[in-house]
Amino acid sequence: CGFAPAYGPGGPAAGIRGKIRPDTPADRDAFDLVNQIEARLGRPQDARFTLGYTIRTRETGVAITPDNTTTRYDVVGSVHYTLRDAASGRVLGQGEAHSFTSYGATGSTVATLAARADAHRRLMVILADEIATRLLATSAQWNR
Amino acid sequence: MQTGTTPAGQGQAAQSTQGPASLVADKVQVEGNRRLIAEGHVLVTYQGARLQAAKVIYDKAKDRLAISGPIHLTTANGTVLMASSADLSPDLRDGILRSARLVLDRQLQLAAAQINRVGGRYTQMTKTVASSCLVSDSNPTPLWEIRASRVVHDQQRRQLYFDNPRFRLFGVPIFYLPRLRIPDPSLKRATGFLLPSFGNSSLLGFGVSMPYFIALGDSRDLMLTPFLATRSTTLKFRYRQALRSGGMEWNGAVSHDKVRGGGLRGYLFANGDFALRDGYRLRFNIQTVSDAAYLTDYGISNIDRLQSDIELSRTRRDDYSSARLYSFHSIRAGDNNATLPGVVAGYTRIHRFTLPGLGGQGSLTFDSFGLLRTSNQDVVGRDEARASIRLDWRRSWVIGPGIVVSALARTTSDLYAFAQDSQVPGTVARTIPVGAVELRWPLVKAERGGGSQVLEPIVQLIVSPRNVPSVPNEDSTQLAFDAGNLWSLDRYPGYDGIEYGPRANVGLRWTRYSASGWTLGAVAGRVFRLQARQGFSAGSGLGGARSDWLTGVRLASPHGLSLTGRAIFNDQLTLARSEAQLGWTTRKVTLATSYIWMVADPAENLPTNTSEWALDANWRVSSRWTGRASWRYDFQADRATSAGLGLNWHNECLGVDLYLSRRFTSSTSVAATTNLALSVDLIGIAGRAVSGDTGTCGG
Amino acid sequence: AIAQGTQVPLGGFKTDPSAPIQVTADKLQVNQADGTALFSGNVIVGQGKMRLSADKVHVTYAKPVDGQKGKIQTLEATGGVTLVTSPTEAAQAKTAVYTLQSGTVVMTGSVLLTQGQNVLSGQKLVVNLPSGMGTMEGRVTTTLQPNAAPKAPPSKAKTP
């Protein structure tokens, strides 16, 4: 049905594992994004490609009860990423990943803190997976 | 070809000496040593000032220029003057312009019978009409204008001084002042009154707020806004300071009102963010309020748990550290601050490395935590401290037809210490090892038209001890189940809760990227457990030997449409939790709508089902009109939570914004309120220039 | 505004076109056929206080009337022409045509006119010798130099 293993012999993404180096993170979200990208695409050694990213997140209250209590918060995030050739710096591809996660605020103060931090971690996992999947899909074009 | 004989023409950088003005024209007639008559596209330039005119006669004895024909003079700092005739000094800094117009920052125009330029700094205009509205023969009267017997423009301090200004709206005189000083539109930060705005709230009555902005140097400012309403006198303040390494902002207000039985009320919110030496970053947040209802009464925010915190953190490529201290005060109905953890402290350090020998990706996390409750009662006043060390390791190989096999290992060691809780041992120590194998098989299909698809089955087989010493669950009561933790070794958000027992996370991800730029993605998965003793709450969808189905979908179009949704339902397709967000942005419309459904879940303090739809839409009807609507509907309570309707009209010189909002929620401390807010922007005088449309005449 | 043509008696360019003309040059070639003469090699034409110097000056004479040699009709100077009418007025150009009958000198080709501290550069200069009026055309550039400019230092005239 036309599907071929990405990492299979002669596959489009053969040889890219461990060859993509995400930029150095500057905050906790970026740290988690890089961690997940490296989990998906391998920890980079003498990388052939670099991956630049800009993360934007915002939180909005949802599920507000009749007595005006905000029971849940959405963490909406997007990452604009740019894949470049490590040597020449030439842009090989770019795109944007969007998603959101949410966390409950009806627990104790401590529970809300932990839930919020976990929501940010999960959002970075989702966004990193979207980027990795897009890179696999386009690998035939730049992985020469 | 203009020959570069003139020193001024070459724009010498530090032109300190006077230096002569230069002139270029189609034809120049020299009359001996006394006069020069220049005609045809005459251009006189002097240190950045440029004058264009039809004809210029230079009288050498008097050293004056007699200028005629349409005159266009631009001074060095961008002020534009147009006149029909003028008599100026060659350096264009002194002199008289007749039936002239002064244009400031391409917005505000001052037409005057006569304009005197003095010393290149002051421009005095007599019998002046000031407005930023375009005037044309089809609509000769500008929307608003200020007429004054005399106006002086100080080019250096960029201020405009009006003598007995008369303000007219649609040609009708509105009010009169003896004196008026306003900043010239090119001045971005000038001390002075901003335009007042009016509002009516069912709680506070009709009110007007008159912001007064004080610029304290280049990097600090203070805005004081007295808000005078029928049932409240309030002084709001905002102080901002920017530093090379970051900045901070303090917002607050003090009110005396008859809404809650009188007396002084107020709030203070502050936040700061600073970059310190070698990569450290300091952030702080202060939130305090005088009484529970103040924030909602004055529409400041609907935060119901005040969180003041301070964090010192550093992030590097393979190393993250963060030390945090929090102080909480809840103003939520039904919360008891004594039994809620009021003071919380945490330190986290994560180090990532490549494991020597074994290879693969390792990470070591040290996380310590402490919480204090002011109550000393047993159990409900429990205080707690925890220190944990977690080692993660992952190594991946590609085998056979491109299958990615990963070995994962994790050990978590926790040491707890409890106080004021007789039902719990003083200290608890536990170490939980977890081992897992992950199999991924990413398949790619290239479509003929240039699109592509990725199909990726992912399975995690996880083994960990069948039971784990339990501790009181403080930080892991709020569970979530989405594509971010479908393939995760532990879905509990904190350290207190730990998933245990042999289990498998099975799922499939499919994404299609069309040639024209559309993206359609879907994910589905489930958790299988050998035994279902784990006490997951019903609402989380994670309970039972087989968890609920987790499904997710995302759709993104190249022209601004994006939809993300997920749903958790069991085999009988009864929905446990579902959320969707739709965003659509085009040049004309920006729309954001979301829906959330959650089944009742007492374990997570959700006594009833939640079913809420929220929408926020901006619609640019025409280059002048923008409509705005927002509401939030609670299907469970079968009525709206809040609704808002807004209308904004603007042209090149006037902006009017009207916003009506109603909040229907009410509780013991919070009343349903309706707010109406009107604000007017005189663009060019006290308001932001609206980018884009410079309205055409009668447009 | 002053009408263009008013005759304003001024110093500077004034010269009497009917005054006798002396021409000195290294070489002279006379062309009997069309009655013209070609002076070449640092040619200097003098008339009253006016001096016109050039590499070559081509002189055409009016037709001889009853045996008498015709008077000079026009002088065409080419190659680094300089016209000096008074110690403070001088004009340089590539070419100049002096028609004695109308008393006008038309100079063209990156013209540079200096007058006291005033410097004008342009494409074409028409000087009316009897009235002393000069008119420069073709995107003329100059600096506005007041007469008795106490503080303004005389600006050096840079060649275009």
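Residues numbered from 1 in each chain as written. Chains lettered and ligands numbered in written order. Predicted model: local features only at pLDDT ≥ 70, side-chain atom pairs only at ≥ 80, totals over all residues. Heavy atoms only, no water.

(A) Broad picture of the overall build of chain B. In terms of helices and strands, chain B carries one helix and 42 strands. Along the first, second and third principal axes, the C-alpha atoms of chain B reach 110 × 70 × 50 Å. Buried positions account for 48% of the 699 residues belonging to chain B. Contacts in chain B between residues far apart in sequence, at least 24 positions, make up 43% of those at least 6 positions apart. A total of about 31700 Å² of accessible surface is found on chain B, and carbon and sulfur atoms cover 60% of it. Within chain B, one finds 78 positive and 57 negative side-chain charges whose respective centroids are separated by 5 Å. (Helix = DSSP H or I, 4+ residues; strand = E, 2+ residues; numbered from the N terminus. Buried < 20%, exposed > 50% of the residue type's maximum accessible area, 1.4 Å probe, protein only. Contact = heavy atoms within 4.5 Å. Areas by Shrake-Rupley, 256 points an atom, 1.4 Å probe, with all protein chains shown as cover. Lys, Arg positive; Asp, Glu negative; His and termini not counted. Charge placed at Lys NZ, Arg CZ, Asp CG, Glu CD.)

(B) Broad picture of the side chain of Arg394 of chain B. By the element assignment, Arg394 of chain B lies in strand S27 (residues 383–399). Exposure remark for Arg394 of chain B: the relative accessible area of 16% places this residue in the buried category. For Arg394 of chain B, the side chain forms a polar contact with the side chain of Glu438 of chain B, separated by 3.4 Å. Once residues lying within four places of it in the same chain are set aside, the contact partners of Arg394 of chain B are Ala39 of chain A together with Gly360, Gln361, Ser406, Ala407, Leu408 and Glu438 of chain B. (Polar contact = N/O pair within 3.5 Å; in protein donor to acceptor, adjacent residues only side chain to side chain.)

(C) View of the interface of chain A and chain B. Taken together, the contact pairs 68 residues of chain A with 85 residues of chain B. Summing both sides of the interface, chain A and chain B together bury roughly 6400 Å²; the carbon and sulfur share of this comes to 56%. Where chain A packs against chain B, one counts seven salt bridges. With its nearest N and O atoms 3.1 Å apart, the salt bridge here joins Arg43 of chain A to Asp318 of chain B. Remark: the boundary between chain A and chain B carries 27 residue pairs in polar contact (both at pLDDT 80 or more). Residue contributions to the side of chain A that touches chain B peak at 18 residues, all from helix H2 (residues 109–142) of chain A. Residue classes in the side of chain A that touches chain B are distributed as 31 nonpolar, 20 polar and 17 charged. The pairing of strand S1 (residues 4–5) of chain A with strand S30 (residues 443–446) of chain B spans two bridges and is antiparallel. (Buried area = accessible area lost by both parts, 1.4 Å probe. Salt bridge = Lys/Arg side-chain N within 4 Å of Asp/Glu carboxyl O. Nonpolar A, V, L, I, M, F, W, Y, C, P; charged D, E, K, R; others polar. Pairing = 2+ DSSP bridges.)

(D) Region of interest: the pattern of salt bridges. Counted under the stated rule, the structure contains 57 salt bridges over all chains. In this structure, Glu38 of chain A and Arg352 of chain B form a salt bridge, with 3.0 Å as the shortest nitrogen-oxygen distance. Of this pair, Glu38 of chain A sits in helix H1 (residues 28–41) while Arg352 of chain B sits in strand S25 (residues 343–354), placing the two residues on different chains. Residue class for Glu38 of chain A comes out buried when judged on its relative accessible area of 2%. A relative accessible area of 3% means that Arg352 of chain B is categorised as buried.

(E) A look at the packing of aromatic side chains. One pass over the full model with this rule turns up 19 aromatic pairs over all chains. Aromatic pair Phe31 of chain A and Tyr320 of chain B: ring centres 5.8 Å apart, planes at 40°, arrangement tilted. Of this pair, Phe31 of chain A sits in helix H1 while Tyr320 of chain B is found in strand S24 (residues 319–330), placing the two residues in two different chains. A residue is classified by how much of its surface remains accessible, and Phe31 of chain A, at 2% relative accessible area, is buried. Under the relative-accessibility criterion, Tyr320 of chain B is labelled buried at 5%. On the numbers, 6.3 Å between centres and 55° between planes, the contact of Tyr595 of chain B with Phe635 of chain B is tilted. (Phe/Tyr/Trp six-rings, centres within 6.5 Å; stacked < 30°, edge-to-face > 60°.)

(F) A look at the state of the cysteines. Residue and element names in this part refer to chain B. Counting across every chain of the model gives one disulfide over all chains. The side chain of Cys133 participates in a disulfide bridge whose partner is Cys653; the two sulfur atoms lie 2.0 Å from each other. One quick way to see it: the torsion about the S-S bond of Cys133 and Cys653 is about 85°, and its sign makes the bridge right-handed. Separated by 520 residues along the polypeptide, Cys133 in the loop between strand S8 (122–131) and strand S9 (144–154) and Cys653 in the loop between strand S40 (639–650) and strand S41 (654–663) bring together distant segments of the chain. Comparing Cys133 with Cys653, the two get one shared label, buried. (Disulfide = S-S within 2.5 Å.)

(G) Molecular detail of the sheet that holds strand S2 (residues 20–22) of chain A. Residue and element names in this part refer to chain A. Reading across the sheet, the four strands line up as S2-S3-S4-S5 and stay open at both edges, with mixed pairing between neighbours. In this open sheet, the two edge strands, each paired with only one partner strand, are S2 and strand S5 (91–104). Across the sheet, the mean angle separating the axes of adjacent strands is 25° when strand polarity is ignored. In this sheet, strand S4 (residues 70–85) lies alongside strand S3 (residues 49–64) in antiparallel orientation, the contact comprising 15 bridges. In the sheet register, Gly61 faces S4, and the bridge partner there is Tyr73. Lying on the sheet, H2 is in contact with S2, S3, S4 and S5; it crosses S5 at an angle near 155°. (Axes fitted to C-alpha atoms, helices over the stretch in contact; angles between N-to-C directions.)

(H) The confidence of the model for chain B, seen in detail. All names here are of chain B. Averaged over all residues, the pLDDT of chain B is 89; the fraction at 70 or higher stands at 94%. In the predicted structure, residues 1–17 sits below a pLDDT of 50 and forms 21 contacts with residues beyond four places in sequence or in another chain. In the model, residues 689–699 has pLDDT below 50 throughout and makes 23 contacts with residues more than four positions away in sequence or in other chains. Model confidence for the complex: the whole-complex pTM is 0.79, and ipTM, which rates the interface, is 0.76. (pLDDT = per-residue confidence, 0-100.)

(I) Here's a closer look at H2 of chain A. Between its first and last C-alpha atoms H2 of chain A spans 48 Å; for 34 residues at 1.5 Å apiece the expected length is 50 Å, and the two agree. The backbone nitrogen of Val110 of chain A has a side-chain oxygen 3.2 Å away, supplied by the residue at the start of H2 of chain A, namely Ser108 of chain A. (Expected span 1.5 Å × (residues − 1).)

(J) Representation of a nonpolar patch on the surface. Residues and elements named next belong to chain B. Together, Trp619, Val621, Trp625, Leu645, Leu647, Leu658, Leu660 and Leu676 give the surface a local cluster of nonpolar side chains, amounting to about 750 Å² of exposed area. Only S40 and S41 provide two or more residues apiece to the nonpolar patch. As for its placement among the helices and strands, Leu658 is situated in strand S41. (Patch = residues over 30% accessible without salt bridge, like charges linked within 9 Å, V, L, I, M, F, W, Y side chains within 5 Å.)

(K) Structural view of H1 of chain A. Residue and element names in this part refer to chain A. With 14 residues, H1 should reach 20 Å at 1.5 Å per residue; the first-to-last C-alpha distance of 20 Å fits that figure. For H1, a buried count of twelve out of 14 residues is recorded, marking the element as mostly surrounded by other parts of the structure. Gly42 lies just past H1 and shows a positive phi near 90°.

(L) Representation of the pairing of strand S23 (residues 305–315) of chain B in the model. Residue and element names in this part refer to chain B. By the criterion of burial, S23 is predominantly enclosed, with eight of the eleven residues buried. Of the strand pairs in this sheet, strand S22 (residues 280–289) and S23 are connected by six bridges, and their pairing is antiparallel. The residue of S23 that forms the bridge with Arg283 is Glu311. For S23 and S24, the ladder comprises eleven bridges, and the chain directions are antiparallel. Bridge pairing in S24 places Ile310 opposite Leu325. Taken together, S23 and the strand that follows it, S24, pair antiparallel across an intervening segment of three residues.

(M) Looking closely at the nonpolar core. In terms of nonpolar packing, the biggest core is built from 77 residues, with Val28, Leu51, Leu110 and Trp144 of chain B touching the most fellow members. Look past the residues within four positions of Val28 of chain B in its chain and what remains in contact with it is Leu23, Leu36, Ile37 and Ala38 of chain B together with Leu120, Gly134, Thr135, Met136 and Val140 of chain C. Leu51, Tyr103 and Ala105 of chain A together with Tyr513 of chain B belong to the second-largest nonpolar core, a separate cluster that totals 37 residues. (Core = buried A, V, L, I, M, F, W, Y, C linked by side-chain atoms within 4.5 Å.)

(N) Layout of the arrangement of the chains. Contacts are most numerous between chains A and B, considering all two pairs of chains that are in contact. The least C-alpha distance between chain A and chain C, which are not in contact, is 47 Å.

(O) How the structure looks around the side chain of Ser255 of chain B. Residues and elements named next belong to chain B. Relative to the elements of secondary structure, Ser255 occurs in strand S20 (residues 246–257). The class of Ser255 is buried, set by a relative accessible area of 0%. At 2.9 Å, the side chain of Ser255 and the side chain of Thr234 are in polar contact. Among the polar contacts made by the side chain of Ser255, one reaches the side chain of Tyr294 at a distance of 2.6 Å. When neighbours within four sequence positions are excluded, Ser255 is seen to be in contact with Ser232, Thr233, Thr234, Gly263, Leu264, Arg265, Tyr294 and Tyr298.

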